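Architecture at a glance
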Amino acid sequence: MIRLIGYFFGIGTMLALLVAAAVAVYIGNLTSDLPDYEVLARYEPPVTTRVHASDGALMGEFARERRLYLPIQAVPDRVKAAFLSAEDKNFYSHPGIDVTGLARAIMTNFQNLGSGRRPVGASTITQQVAKNFLLSSDQTVERKIKEMILAFRIEQAYSKDRIFELYVNEIFFGLGAYGVAGAALTYYDKSVNELTVAEAAYLAALPKGPSNYHPFRHTDRAIERRNLIIDLMVENGYVSSEEGVKAKGEPLGVTPRRNGSYLFAGEYFTEEVRREIIARYGEDALYEGGLSVRTSLDPELQLIARKAMQNGLLKYDTLRGYRGPVTSIEIGGDWGVPLGEVKGLADVPEWRPAVVLDAGDEGLSIGLQPKREVSGELAADRETGSVSREDMSFAMRHVVDGKRVKAASPAEVLKPGDVVFVEKKEGGGYLLRQPPEVSGGLVAMDPHTGRVLAIVGGFSYSQSEFNRATQALRQPGSSFKPVVYAAALDNGYTPASVIMDAPITIRSGNTVWSPKNYDGKPAGPSTLRTGVERSRNLMTVRLANDMGMDLVAEYAERFGVYDKLARYLPMALGSGETTVMRMVSAYSVMANGGRQIKPSLIDRIQDRYGKTVFKHDERGCEGCVANEWLDQPEPELIDNADQVLDPMTAYQITSMMEGVVKRGTATTLQELNRPVAGKTGTTNDEKDAWFIGFTPNLVVGLYVGFDQPRSLGKGTTGGGLAAPIFKEFMTEALKDVPPVDFQVPEGMTMIAINRKTGMRAGEGEPGTIMEAFKPGTGPADSYWVIGMDGGELGESISPQANRAIQTGGGGLY
């Protein structure tokens, strides 16, 4: 018997050894192709790039996976406790595998055999790190064994805190959020330090299955799972019973954070920054690199610029009548549902879509578009209101078949079912609104650094994402003339030089070009100053012809208006296309004393580790870093920018543009009661209206025009349409800034001259003006007029210049 028992024991031992050997071989085969867990040491997950305004306000976030990497030291104990309770309460004591939890899972799965239920897992946090980083999510025994082996190895190679850090930064939480910091922002618009017990518990519930615990689609299930985790936190001693009861009584309170741009009115600026980063570093750096971008945008100036531009566009548009409703819907049933589908203007929150419920002689009865709940569902309540006849007075001249028709009653303009935009007014009631057809672009810049402070790319980014400030190529018209006159002043001419303002004809083969002044009348001999102040076309062409278009082109390219300007006379009147950004940059050169500037929307870019990889300000300052104060002189910033214009020339052209405001085409700006220089611009057929102006520390330029160029209307000018927008902006932007005079460079001489003849004025002589002259120059001793030699020129004109002439190239006013 003993021998038989021994026999069977031997057989059993042999079988056990064979099984052990087979298992060893099997595991050996599995481990031979295991992933290299050392890659965890080089872990760099895709991280969100964040863009900030100059004051630190968040402008936008860009990411394929919305993640902000959070070091373990920054994870609050409350958040850590929630995840440990939900996923692995023994994490800090087991070697990578929780044997107790594994046994429990095996028993549960054995009992559920044949029930069709999904197998219960027992993965520790370490195992989840192994699976998420190194393995697939296949539900196989082989994958599970690999996961366990890797978990042991990871535990031996890394600290518990490092493993937990990897876990909370990698996991997916739903709604596009990865990592606990990204989830806190996405679900609650909070940092992890601000999360309550209930909020931390809900986030800890999500890794199990974000779609199963969706805050709006499966609210009850989400609350049940959250409350279970709160109970576990109490059971594990992380929170008190009282705190647990209080937390379980709270609603989910999820307030999803929207994607894209966050800073109101900053959409055009943010999108321009996005494009620049892609151009500089590529898409992967933007959407995965975790860059921190500090821009030059001034949020206060941006709001002012938006409002000024919108007011100017609306004023122009409403004077041209009402073009009709946005669309029409059925109002027989619940009108709120179809009205809720109408797209509003997200960046013009003052306006709401509304449907006309009734129209009569006294006005309109309207239903307002229902607001959306946090879940995205339409609110159940239905708001109504009214638009009086007076509050839609501009629409009483409505456009029918392209012609403005005067209506006798609001009922002739709109009918029930028509969808319109309205704006709530003070005191009750609503104003009828319509998005303008006309558009434009505006740029505000610091002339000393090139920092772009504000950009308006159109009436509404929701209406059109095309940025007219940086992307629209338009003819600048007469706003280009200061570049022509600056070139002349830098090459021997003076503000008192006299040019003949008389008819001129240019012939080239069968092409004949005869430019005219805005009023159609020649002014005769006039000083350069008068040419700028009164925006004389004829004398500008003669001046350009006298000094040569090569010189004009050289300065236009120096100033950055064009990369290469064609050498043809029509270009002297601004017939070459450029952008508002380039024109503002050119005026900045004149405003800052002649130094070249590089316009920039970005001040600084840091990588995910905080290292600065780009800085716009390249000025040097050797004395700015000192260990101690030893009565050394105050350090000075050294500007290494190229001097592209003589500082004295810069002052002369600035002074002449001050005359545009004092006596010329922009006298409306005198109401600003401060030194302002600038130039109006109106292209042929009044297709575009420009104004670019500046004070010593701020340059602002804009144009107004249709996207498909057509006439703005007879008599429309830059002084009448664009300059008032500039004035509104400057009034608000500089209301708390004391006036500053333009500085006269040392060495210049101020001499009284006759404004018409340009010659030295006698004492008490009427029509005199103080003019600035460079050393060695002054008013002429004898009267001399440049451009007296005939009124017809022969010139070779390129097809491009010919087309510019025929399509309205050339500044008017």
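Here the structure is shown first, and the text comes after it.
Just so it is clear, the structure is predicted and the values come from calculations on it, not from any experiment.

**Some remarks on the overall build of the protein**
- What the protein contains, in helices and strands, is 22 helices and 29 strands.
- Within the protein, the proportion of its 813 residues that are buried is 52%.
- In the protein, the proportion of contacts linking residues at least 24 apart, taken out of those at least 6 apart, comes to 70%.
- For the protein, the accessible area works out to roughly 37,700 Å², and carbon and sulfur atoms hold 51% of it.

**Notes on the sheet that holds strand 20 (residues 524-527)**
- Taken in spatial order, the three strands of this open sheet run 20-17-28, and their pairing is mixed. The open sheet has two free edges, formed respectively by strand 20 and strand 28 (785-786), since each of these has just one partner strand.
- Alignment of strand 17 (residues 498-501) against strand 20, held across four bridges, turns out to be antiparallel. Looking at the pairing, M500 lines up with P525 of strand 20.

**Let's talk about the sheet that holds strand 23 (residues 677-682)**
- Across the sheet, five strands lie side by side as 16-15-25-24-23; this open sheet has antiparallel pairing. With partners counted over all chains shown, the strands left at the sheet margins are strand 16 (452-456) and strand 23, one partner each. Going from strand to strand, the sheet's axes swing by 5 degrees on average, the running direction of each strand aside.
- Strand direction decides the pairing type here: strand 24 (residues 688-695) and strand 25 (residues 698-705), joined by eight bridges, are antiparallel. Its bridge partner being in strand 25, G693 is matched across the sheet by V700.

**As for the pattern of salt bridges**
- Taken as a whole, this structure holds 38 salt bridges when the rule is applied.
- E65 serves as the salt-bridge partner of R67, at 2.8 Å between the closest nitrogen and oxygen.
- R67 gets classed as buried once you look at its relative accessible area, which sits at 0%.
- Classification of E65 by relative accessible area gives partly exposed; the value is 21%.
- Of the charged contacts, one joins R275 and E271 as a salt bridge, the two residues approaching to 3.3 Å between their closest N and O atoms. In this pair, R275 and E271 both sit in helix 11 (residues 267-281), four residues apart, roughly one turn of the helix.

**Some points on the environment of A74**
- Locating A74 in the fold gives a position in the loop between strand 2 (58-62) and helix 2 (77-87).
- In this structure A74 touches V192 and N193, once residues within four positions along its chain are discounted.

**Some points on the side chain of R542**
- Tracing the chain through its elements places R542 in helix 17 (residues 537-547).
- The exposure class of R542 is buried, given its relative accessible area of 7%.
- Within the structure, the side chain of R542 is placed 3.5 Å from the backbone oxygen of M500, a separation counted as a polar contact.

**Regarding the side chain of E199**
- Structurally, E199 can be placed in helix 8 (residues 197-205).
- Polar contacts involving the side chain of E199 include one to the side chain of K190, which spans 2.9 Å.
- Among the polar contacts made by the side chain of E199, one reaches the main-chain amide nitrogen of T196 at a distance of 3.0 Å.
- The contact partners of E199, leaving out residues within four places of it in the chain, are Y188, K190 and E194.

Cut-offs applied
- Residues numbered from 1 in each chain as written.
- Predicted model: local features only at pLDDT ≥ 70, side-chain atom pairs only at ≥ 80, totals over all residues.
- Heavy atoms only, no water.
- Helix = DSSP H or I, 4+ residues; strand = E, 2+ residues; numbered from the N terminus.
- Buried < 20%, exposed > 50% of the residue type's maximum accessible area, 1.4 Å probe, protein only.
- Contact = heavy atoms within 4.5 Å.
- Areas by Shrake-Rupley, 256 points an atom, 1.4 Å probe, with all protein chains shown as cover.
- Pairing = 2+ DSSP bridges.
- Axes fitted to C-alpha atoms, helices over the stretch in contact; angles between N-to-C directions.
- Salt bridge = Lys/Arg side-chain N within 4 Å of Asp/Glu carboxyl O.
- Polar contact = N/O pair within 3.5 Å; in protein donor to acceptor, adjacent residues only side chain to side chain.

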